[in-house]
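# Inside the fold
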Amino acid sequence: MPETTRELLTSGGWKELEFGPFRDQVTIHWIRPFEDDQPGVALLKYEAGASVPRHRHEGLETILVLDGVQSDEAGDYARGSYIVNAPGTEHSVWSDTGCVVLIQWDRPVKILEEK
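In this text, all values refer to a predicted model and were calculated from it rather than measured experimentally. (Residues numbered from 1 in each chain as written. Predicted model: local features only at pLDDT ≥ 70, side-chain atom pairs only at ≥ 80, totals over all residues. Heavy atoms only, no water.)

So, about the overall build of the protein chain. Across its full length, the protein chain holds zero helices and ten strands. When the helices and strands of the protein chain are listed from N to C terminus, the series reads β-β-β-β-β-β-β-β-β-β. Its C-alpha atoms give the protein chain a radius of gyration of 13 Å, within 12% of the compact-globule value 13 Å for 115 residues. Projected onto the principal axes, the alpha-carbon positions of the protein chain cover approximately 40 × 35 × 25 Å. The buried share of the protein chain, taken over its 115 residues, is 37%. A separation threshold of at least 6 residues defines the contact pool for the protein chain, and within that pool the share at least 24 residues apart is 65%. Surface summary for the protein chain: the accessible area is close to 6700 Å², and the carbon and sulfur share equals 49%. (Helix = DSSP H or I, 4+ residues; strand = E, 2+ residues; numbered from the N terminus. Rg over C-alpha atoms; globule rule 2.2 N^0.38 Å. Buried < 20%, exposed > 50% of the residue type's maximum accessible area, 1.4 Å probe, protein only. Contact = heavy atoms within 4.5 Å. Areas by Shrake-Rupley, 256 points an atom, 1.4 Å probe, with all protein chains shown as cover.)

Our next topic: the UniProt feature "domain: ChrR-like cupin" (unreviewed entry) in the protein chain. The UniProt feature table records "domain: ChrR-like cupin" (unreviewed entry) at residues 15-103. End-to-end, the C-alpha atoms of residues 15-103 are 16 Å apart, and along that stretch the chain is 0% helix and 63% strand. (UniProt positions renumbered as here; feature names shortened; annotations may be inferred.)

In the structure shown here, the tally under the stated rule is four salt bridges. Close ionic contact of Glu73 with Arg54 constitutes a salt bridge, the shortest N to O distance being 3.7 Å. Placement of the pair is Glu73 in the loop between strand S5 (61-72) and strand S6 (75-78) and Arg54 in strand S4 (residues 50-56), with a sequence separation of 19 residues. Glu90 serves as the salt-bridge partner of Arg54, at 3.5 Å between the closest nitrogen and oxygen. (Salt bridge = Lys/Arg side-chain N within 4 Å of Asp/Glu carboxyl O.)

Let us look at the side chain of His55. Here His55 is to be found in strand S4. A polar side-chain atom of His55 sits 2.8 Å from the main-chain carbonyl oxygen of Pro53. Excluding residues that lie within four positions of it along the chain, His55 makes contacts with Thr89, Glu90, His91, Ser92, Val93, Val109, Lys110, Ile111 and Leu112. (Polar contact = N/O pair within 3.5 Å; in protein donor to acceptor, adjacent residues only side chain to side chain.)

Let's shift gears to the nonpolar core. Ranked by size, the top nonpolar core spans 16 residues in total, and within it Leu44, Tyr46 and Val101 carry the most contacts. Broken down by secondary-structure element, the contributors of at least two residues to this core are strand S2 (26-32), strand S3 (40-46), S4, S5 and strand S9 (99-105). Examining the composition of this core, we find that four residues originate from one element, S9, more than from any other. In this structure, Ile31, Val41, Leu43 and Val100 belong to the second largest nonpolar core, which totals eight residues. (Core = buried A, V, L, I, M, F, W, Y, C linked by side-chain atoms within 4.5 Å.)

So this is what it looks like as structure tokens:
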């Protein structure tokens, strides 16, 4: 199996993967790290109450919620939700209950507000 392949993600296969530090109460499992001008692909696991401060998308970002609920100023996104954040958009993200998302970023985001 190719190094960038992950199986059964929508049925809980992410539970068998190793996650490392990313932000406070948010861990990451890289599927394909950023390299040169190539997009990054990863799984993010938010603990209950975790958040990411307001940030701007420097490129296209797409998210598939695999478990739990992810929220931003526009709403709550439960398991199975697919979110597209266009370049130049800004928001903050949190999860009251905890969640796991599959995310692809064209470019790393720019954090605008740190707590």
